[in-house]
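# Examination of the molecular architecture
Residues per chain, in single letters:
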Amino acid sequence: MIFKKYLSLSRESFAVLVSSFFFGGFLLLIITPTLSEKVILLTSSVKGEVPDNESLVKSELLLMDKLERCRPAGAYLVINTTLNQFQLYNKRELVREGVCSTGSYTKLVKSDEESWLFKTPKGVFRIQSKITNPLWRKPDWYFVESGLPVPPAGHPSRFEYGVLGDYALSLGSGYLIHGTLYQRFLGLSVTHGCVRIGDEDLESIFKTMPVGARVYIF
Amino acid sequence: MDFPKVDSSDSQSGTDSTIRWRTVCLVGGVSVFLLALVFLTLSTISVFIAMSNLNKTYADKEFGTVAAPSTAFLESRLAASKLDSVSLVLDLPQKRVTLEMGGVVVYDALIDNVKSSPVIRKLDSKSLVALAREPSRIVRWEASVEKEPITILQAPATPEEAEAIAFEVPENKRYDAFFTLDLDSGIRLVFTHHEGFSFKKWLWLTRQNLNVITNSLGSVFKGEMPRYTPVISVDLSPHDALVIFRAIPENGYAVLNFTH
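These figures come from a predicted structure and were not determined experimentally. (Residues numbered from 1 in each chain as written. Chains lettered and ligands numbered in written order. Predicted model: local features only at pLDDT ≥ 70, side-chain atom pairs only at ≥ 80, totals over all residues. Heavy atoms only, no water.)

With that settled, consider the side chain of B:Ser43. In this fold, B:Ser43 is placed in helix α1 (residues 12-59). Here B:Ser43 falls in the buried class, since its relative accessible area comes to 5%. Among all residues touching B:Ser43, those that are not within four sequence positions of it are A:Thr32, A:Ser36 and B:Pro226. (Helix = DSSP H or I, 4+ residues; strand = E, 2+ residues; numbered from the N terminus. Buried < 20%, exposed > 50% of the residue type's maximum accessible area, 1.4 Å probe, protein only. Contact = heavy atoms within 4.5 Å.)

Let us now look at the interface of chain A and chain B. At the junction of the two partners, chain A supplies 78 residues and chain B supplies 81 residues. Both faces considered, chain A and chain B share a buried interface measuring about 6,800 Å² in area, 74% of it formed by carbon and sulfur atoms. At the surface where chain A touches chain B, the tally comes to 1 salt bridge. For the interface between chain A and chain B, the tally reads 12 residue pairs in polar contact (both at pLDDT 80 or more). Breaking the side of chain A that touches chain B down by element, the ones donating at least two residues are α1 (4-7), α2 (11-38), α3 (53-68), β1 (76-80), β4 (106-109), β6 (123-126), α4 (140-145) and β14 (214-217) of chain A. Broken down by element, the side of chain A that touches chain B gets its largest block of residues, 20 residues, from α2(A). Counted by class, the side of chain A that touches chain B contains 45 nonpolar, 20 polar and 13 charged residues. Summarising the sheet, β4(A) and strand β6 (residues 151-154) of chain B pair through 4 bridges and their orientation is parallel. (Buried area = accessible area lost by both parts, 1.4 Å probe. Salt bridge = Lys/Arg side-chain N within 4 Å of Asp/Glu carboxyl O. Polar contact = N/O pair within 3.5 Å; in protein donor to acceptor, adjacent residues only side chain to side chain. Nonpolar A, V, L, I, M, F, W, Y, C, P; charged D, E, K, R; others polar. Pairing = 2+ DSSP bridges.)

At a closest axis distance of 10 Å, the pairing of α2(A) and helix α6 (residues 199-221) of chain B adopts a crossing angle of 100 degrees. What the angle tells us is that α2(A) and α6(B) run roughly perpendicular. On α6(B), the residues touching A:Leu29, A:Ile30 and A:Pro33 of α2(A) are B:Val212, B:Ile213 and B:Leu217. Considering only residue class, the contact of α2(A) with α6(B) consists of 6 nonpolar, no polar and no charged. (Axes fitted to C-alpha atoms, helices over the stretch in contact; angles between N-to-C directions. Parallel < 35°, antiparallel > 145°, perpendicular 65-115°, else oblique.)

With 56 residues, the main nonpolar core has B:Leu99 and B:Leu189 as its most contacted residues. For this core, the element with the most residues is helix α7 (residues 238-247) of chain B, which contributes 6 residues. Ignoring any residue separated from it by four or fewer positions in sequence, one finds B:Leu99 in contact with A:Phe218, B:Val86, B:Ser87, B:Leu88, B:Val104, B:Val105, B:Val106, B:Tyr107, B:Val243, B:Ile244, B:Ala247 and B:Ile248. Of all hydrophobic cores here, the second largest spans 21 residues; its members include A:Phe86, A:Cys100, A:Leu202 and A:Phe206. (Core = buried A, V, L, I, M, F, W, Y, C linked by side-chain atoms within 4.5 Å.)

Before going further, it helps to examine the sheet that holds strand β1 (residues 86-91) of chain B. Residue and element names in this part refer to chain B. Across the sheet, which stays open at both edges, the 9 strands sit in the order β3-β2-β1-β10-β5-β7-β8-β9-β4 with mixed pairing between neighbours. Each end of this open sheet is capped by a strand with a single partner; those strands are β3 (104-110) and β4 (113-116). Put simply, the sheet's adjacent strands are angled 25 degrees from each other on average, direction ignored. Relative to strand β8 (residues 188-193), strand β7 (residues 179-183) is paired through 4 bridges, and the arrangement is antiparallel. Its bridge partner lying in β8, Leu-181 is registered against Leu-189. On the sheet, helix α2 (residues 69-80) packs against β1, β2 (96-101), β3 and β10 (253-257) and is oriented at approximately 165 degrees with respect to β10.

Looking at chain A, the domain boundaries give domain 1 (4-38) and domain 2 (76-217). Centre-to-centre, using C-alpha coordinates, domain 1 of chain A lies 64 Å away from domain 2 of chain A. (Domains from an automatic or database assignment.)

Pairing is mixed in the open sheet, where 3 strands are placed in the order β5(A)-β4(A)-β6(B). The open sheet has two edge strands with one neighbour each: β5 (115-118) of chain A together with β6 of chain B. The mean angle between the axes of side-by-side strands here comes to 20 degrees, regardless of whether they run parallel or antiparallel.

Once that is clear, we can look at empty space enclosed by the protein. All names here are of chain A. Going through the model one piece at a time under the given rule, you end up with 1 cavity of 30 Å³ or more. Taken as a whole, the largest cavity holds about 30 Å³ of empty space. Thr-81, Thr-102, Gly-103, Tyr-105, Thr-120 and Lys-122 together form the lining of the largest cavity. Counted by class, the lining of the largest cavity contains 1 nonpolar, 4 polar and 1 charged residues. (1 Å grid on protein atoms, 1.4 Å probe; cavity = no way out; pocket = protein on both sides within 12 Å on 5 of 7 lines; lining within 4 Å. Points joined across faces, edges and corners; volume = space filled by probe spheres on them.)

Below, the discussion takes up the packing of aromatic side chains. Throughout the structure, instances matching the rule amount to 15 aromatic pairs over all chains. Relative to A:Tyr89, the ring of A:Tyr76 lies with its centre 4.9 Å away and its plane at 10 degrees, an arrangement referred to as stacked. Here A:Tyr76 is found in strand β1, whereas its partner A:Tyr89 is found in strand β2 (residues 85-90), with 13 residues between them in sequence. We classify A:Tyr76 as buried; its relative accessible area is 0%. Ring centres 6.0 Å apart and planes at 55 degrees place the aromatic pair A:Phe218 and B:Tyr107 in the tilted group. Highlighted residues: A:Phe218 in the segment after β14 and B:Tyr107 in strand β3, drawn from two different chains. Residue B:Tyr107 is classed as buried on the basis of its relative accessible area, which comes to 11%. (Phe/Tyr/Trp six-rings, centres within 6.5 Å; stacked < 30°, edge-to-face > 60°.)

Turning our eyes to something else, we now look at the pattern of salt bridges. In total, this model carries 18 salt bridges over all chains according to the counting rule given. A salt bridge links A:Lys119 to B:Glu148, with the nearest nitrogen and oxygen atoms 2.5 Å apart. Note that A:Lys119 is positioned in the loop between β5 and β6 and B:Glu148 in the loop between β5 (136-143) and β6, a pairing that runs across two chains. Given a relative accessible area of 26%, A:Lys119 falls into the partly exposed group. For B:Glu148, a relative accessible area of 29% translates into the label partly exposed. The closest approach of N and O atoms between B:Arg207 and B:Glu142, which form a salt bridge, is 3.7 Å. Remark: B:Glu142 occurs in strand β5 and B:Arg207 occurs in helix α6; sequence separation between them is 65 residues. For B:Arg207, a relative accessible area of 42% corresponds to the partly exposed category. Within the structure, one salt-bridge network assembled from shared partners comprises B:Arg140, B:Glu142, B:Asp182, B:Arg188 and B:Arg207.

Here we take up the layout of surface pockets. Residues and elements named next belong to chain B. Empty space within the second largest pocket amounts to approximately 1,400 Å³. For the second largest pocket, the lining is made up of 50 residues, of which Arg-188, Asn-209, Val-212, Thr-229 and Val-231 are closest to its centre. The biggest single contributor to the lining of the second largest pocket is α6, with 12 residues.

Here's what the structure looks like:
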């Protein structure tokens, strides 16, 4: 047997030998992903042809111009739902930034069949309409969340003034950018999907953003 | 390990069992070492195969015109601008990560540290340009935090119960977001952050590395070549990492700009 001479080693020497195989093997297993890819550094990289400078500059300027034209020339609003911050741009300049409140990601469960997820939709939207002194039409979830019986549609208890602040801008599908009575919650994810903004910021946004202006929510 | 002596004055059966025990240990040790050597060899071959595949896929791709990496990057951003969802734009030479929607930069972050796999650094220039010339689709992701931190709230039965819930002031939680994005181009992006030593980060990276080793070993045991994935590791500030992870759609696109 080829191992015969190793089998008759002293106890200590045999322990060192076997341990070396085991630990060496395990060490090699662990460093293999790093070691194996380092081998590639020994090879030389292939350089391809690069276009001449003049045509390069021309095509890059053209592409940069096309990209720049993607940015609205007028007013647009950017809303960061993770940090609950907004930036208002006009004529490609940042004109105002501040805190807002967006969807809480709370799932209100009434029953197996009925539940609501309070999240602010992400994507590119356009201002559908602008409303001064907006009236809040309370949806069903308001009553469920308040532990109240849900009244029929059109019931007077569904309508309330003053809750949404002085202005609201509609994004469509029932989502609004509006004011709030809960100013202390600005900067936190607490809403039912709408975007809440502080009074002064809201006024500035309302005055700067025309109907049709883009709102980027991410 | 306590290895019994062979040349002691044990009985014949005792000596036999000692030899058996030593043989098992020796065969086991040698097997582990040989397996490691085979693993290293196959892994090294798989790195070369991965590079050759990337070169084959991208170097021969016909775009009509020859482009420089910077032009390819702009072309890719322009292609991504046709989408309304968020695209991740990774500009490695400038050490910047941006989020773009419809061609508009909505978030901009500085990269603290970036590291690319040697394969990317050794890729054919033409392949590198071709890779950067089209947005890559995110095909798989893994993260230390949830994409959507949903909390379930059972509807209160009474107004009093509802009032008690309403008075719970929400807090701004701090999340440690580490995440990987696997792109259809075969590249993996690993995003982490560091603020001093982070045990969570160490744990997460160790888990990722162990996954790579166990998956590769699994392939070796099945008689297959281990699968090698080139990686670009990016360190960001904690809140940038969280914002970027939460903003990118599950099957979103990434635009990369890299040079040798």
